[in-house]
Protein chains: 2
Amino acid sequence: MELYNLLDGWIALYRFEQQGRRQILDFALPGSFIGFEPDFSRALLHGAECITDVSVCVFPKSGFHELMESHPPLSRRLLYLISRDKMIAQDHLTNVGSRSAQARIAHLLLSLHIRATQTDGTRETSIPLTQNHIADALGLTTVYVSQTLKRLREQNLLIFKAGKLEILEPDALADIAEFDHLLLV
Amino acid sequence: MELYNLLDGWIALYRFEQQGRRQILDFALPGSFIGFEPDFSRALLHGAECITDVSVCVFPKSGFHELMESHPPLSRRLLYLISRDKMIAQDHLTNVGSRSAQARIAHLLLSLHIRATQTDGTRETSIPLTQNHIADALGLTTVYVSQTLKRLREQNLLIFKAGKLEILEPDALADIAEFDHLLLV
DNA sequence: CGGGTGTTTGAATAATGTCAAACCGAGTGG
DNA sequence: CCACTCGGTTTGACATTATTCAAACACCCG
């Protein structure tokens, strides 16, 4: 079992569930640090799907704690990354647990847009997901995601097509997404 | 802003949402370490409600990093706790995102039962939540939680009443909860 | 006895899932 | 250049799940 630093590409991290369902927990973007589990000896709890071609930097777990303890800044950095993951998971939970399908989709796309560009400026971002990824991340059905994206398109809020997101009305979109600007990651 | 170690009692950690909804992110049980945020300077992202009377051990954030870096075992312990929180958040997300109301409720009660007792033995546990807490944690309505608990009762799976959980058929319950025994926290 | 919080009930409604079929565009082999 | 396949998307009709609203109930506490 190893740890990875994702250098390029997108990866979906998910849990297997019964009856053909799966829950996507997070999308790893370049810079993400993945594979760390609270208990090293445990079986791996999630699967990973490469959404695009990826390149990673892999390093072994052996000697990991020693490395951390002899390099405090590294240790502090790791703590920061993991606690940010925790916050992202809680954002995701809030999204799935308390918003309508339309708000959920808008919210997810908005936050991926921000994570993908780290700037609010550009109007079109590459978000290489299929509608099926969105459905699995948000606890919805693929067909309902399709219908909801259509509604968002007809309201002139956004266009999501072929892995490209175009935001037409940022303010109105943030509004229906119930997007809290304090949460900018 | 301080950090807390919960010595006794239950606390609900939640996010405020618009239109009167709130999302409960986690229940803190005795032993939980709460108040740690990835970025110390940020506004606090969640609220906390004491479900029972509580007693906490509070200590200030100032000098926190220095303390960590001069005590590696402490640092390692904190990393463990935070990454376990991350895992709990992802379990919760999986529960809300991919299961029916009945399975969700059964799953939540089962995992709280385990966290509360740390032993599978006892048949009746104190889980001092109202149905409203359950609803807010699972993205459901209070009335639907009530109806679903009734169904669970009628199937002779569990009885949840006045803050006490009684598990009648552990195996059948774990089954409809889609409970994965590998996930025992 | 009265008021408050939490729970239960029922009926009507809205949101989302299911199933099945058609469609669309990109890549592939003839 | 065409026909095919394949993954992904769209559509429509219908079933199910969960929400909403409103009222009654139950229980504890003062």
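What you see is a predicted model, and the numbers here were worked out from it, not measured in a lab. (Residues numbered from 1 in each chain as written. Chains lettered and ligands numbered in written order. Predicted model: local features only at pLDDT ≥ 70, side-chain atom pairs only at ≥ 80, totals over all residues. Heavy atoms only, no water.)

Q: An account of the overall build of chain A is needed here, citing residue identities and associated values.
A: Of regular secondary structure, chain A possesses six helices and nine strands. Relative to the 2.2 N^0.38 estimate, which gives 16 Å for 185 residues, the radius of gyration of chain A is 17 Å and therefore close to what a compact globule would have. For chain A, the C-alpha atoms occupy an extent of roughly 55 × 40 × 30 Å along the three principal directions. Residues counted as buried form 51% of the 185 residues belonging to chain A. Relative to all contacts within chain A whose residues are 6 or more apart in sequence, the contacts with residues 24 or more apart total 68%. Accessible surface computed for chain A: about 8700 Å², of which carbon and sulfur atoms make up 53%. (Helix = DSSP H or I, 4+ residues; strand = E, 2+ residues; numbered from the N terminus. Rg over C-alpha atoms; globule rule 2.2 N^0.38 Å. Buried < 20%, exposed > 50% of the residue type's maximum accessible area, 1.4 Å probe, protein only. Contact = heavy atoms within 4.5 Å. Areas by Shrake-Rupley, 256 points an atom, 1.4 Å probe, with all protein chains shown as cover.)

Q: Which residues make up the protein's contact with DNA strand C, and what values do they have?
A: Inspection of the region around DNA strand C gives 15 residues, with A101 and Y144 of chain A together with Q131, S146 and K150 of chain B positioned closest. The sugar-phosphate share of atoms of DNA strand C within 4 Å of the protein amounts to 76%. One nitrogen or oxygen atom from the main chain of A101 of chain A is found 3.1 Å from a phosphate oxygen belonging to DNA strand C. Breaking the surface near DNA strand C down by element, the ones donating at least two residues are α5 (142-154) of chain A together with α4 (131-138) and α5 (142-154) of chain B. With five residues, α5 of chain B is the largest single contributor of residues to the surface near DNA strand C. Among the residues making up the surface near DNA strand C, the classes are represented as five nonpolar, eight polar and two charged. (Near = heavy atom within 4 Å. Polar contact = N/O pair within 3.5 Å; in protein donor to acceptor, adjacent residues only side chain to side chain. Nonpolar A, V, L, I, M, F, W, Y, C, P; charged D, E, K, R; others polar.)

Q: Could you give me a rundown of the protein's contact with DNA strand D, with the residues and numbers involved?
A: Around DNA strand D sit 15 residues, and of these Q131 and K150 of chain A together with T141, V143 and Y144 of chain B come closest. If you look at DNA strand D and keep only atoms within 4 Å of the protein, 76% of those are sugar or phosphate atoms. Contributions of two or more residues to the surface near DNA strand D are made by α4 (131-138) and α5 of chain A together with α5 of chain B. Counting residues per element, the surface near DNA strand D draws most heavily on α5 of chain A, at five residues. A class-by-class count of the residues in the surface near DNA strand D yields five nonpolar, eight polar and two charged.

Q: Hey, could you go over the nonpolar core for me, with residue numbers and the actual values?
A: A general feature of soluble globular proteins is that nonpolar side chains tend to end up buried together. The biggest cluster of nonpolar side chains holds 74 residues, and the ones touching the most others in it are F27 of chain A together with F27 of chain B. The residues contacting F27 of chain A, other than those within four sequence positions of it, are W10, I11, A12, I51, L108, L112, R115, L129, H133 and A137 of chain A. In this structure, L79 of chain A together with F64, L78 and I82 of chain B belong to the second largest nonpolar core, which totals 18 residues. (Core = buried A, V, L, I, M, F, W, Y, C linked by side-chain atoms within 4.5 Å.)

Q: Report on the packing of aromatic side chains, specifying residues and quantitative values.
A: Between two aromatic rings, the relevant description is the distance of the centres plus the angle of the planes. By the definition in use, this model includes four aromatic pairs over all chains. Measuring from ring centre to ring centre gives 5.9 Å for F33 of chain A and F59 of chain A, while their planes differ by 40°; the resulting arrangement is tilted. Taken together, the residues F33 of chain A in strand β4 (residues 33-34) and F59 of chain A in strand β6 (residues 55-60) connect sequence positions 26 residues apart. Aromatic side chains Y14 of chain B and F16 of chain B sit 5.3 Å apart centroid to centroid with 75° between the ring planes, which places their arrangement in the edge-to-face category. Positioned above the aromatic ring of Y14 of chain A is the side chain of R22 of chain A, whose terminal nitrogen or guanidinium carbon lies 5.0 Å from the ring centre. (Phe/Tyr/Trp six-rings, centres within 6.5 Å; stacked < 30°, edge-to-face > 60°. Lys NZ or Arg CZ within 6 Å of the ring centre and 35° of its normal.)

Q: Summarise the interface of chain B and chain A; cite the residues concerned and give the values.
A: For interface size, the figure often reported is the accessible area lost on association. Tallying the contact residues gives 43 residues for chain B and 42 residues for chain A. Taken together, chain B and chain A are joined by six salt bridges. D91 of chain B serves as the salt-bridge partner of R15 of chain A, at 2.6 Å between the closest nitrogen and oxygen. Our enumeration of links across chain B and chain A arrives at seven residue pairs in polar contact (both at pLDDT 80 or more). (Salt bridge = Lys/Arg side-chain N within 4 Å of Asp/Glu carboxyl O.)

Q: Requested: an account of unusual backbone geometry, with residues and values cited.
A: With a phi close to 55°, E178 of chain A is a non-glycine residue in the positive phi region. With respect to the element layout, E178 of chain A can be found in the segment after α6 (170-176). Unlike most non-glycine residues, N156 of chain B shows phi in positive territory, near 60°. Within the secondary structure, N156 of chain B is located in the loop between α5 and β8 (158-161).

Q: Help me get a handle on the state of the cysteines, residues and values and all.
A: In this structure the tally under the stated criterion is zero disulfides over all chains. Free cysteine: C57 of chain A, not disulfide-bonded; nearest cysteine sulfur from C50 of chain A at 15 Å. (Disulfide = S-S within 2.5 Å.)

Q: I'd like a description of the relation of the copies chain B and chain A, backed by residues and values.
A: After a rotation of 180° and a shift along the axis of 0.0 Å, chain B superposes on chain A with an RMSD of 0.0 Å. The relationship between the two copies is best expressed as a two-fold rotation axis. A share of 98% of interface residues in chain B that are also interface residues in chain A marks the association as one of identical surfaces. (Least-squares fit on C-alpha atoms with pLDDT ≥ 70 in both.)

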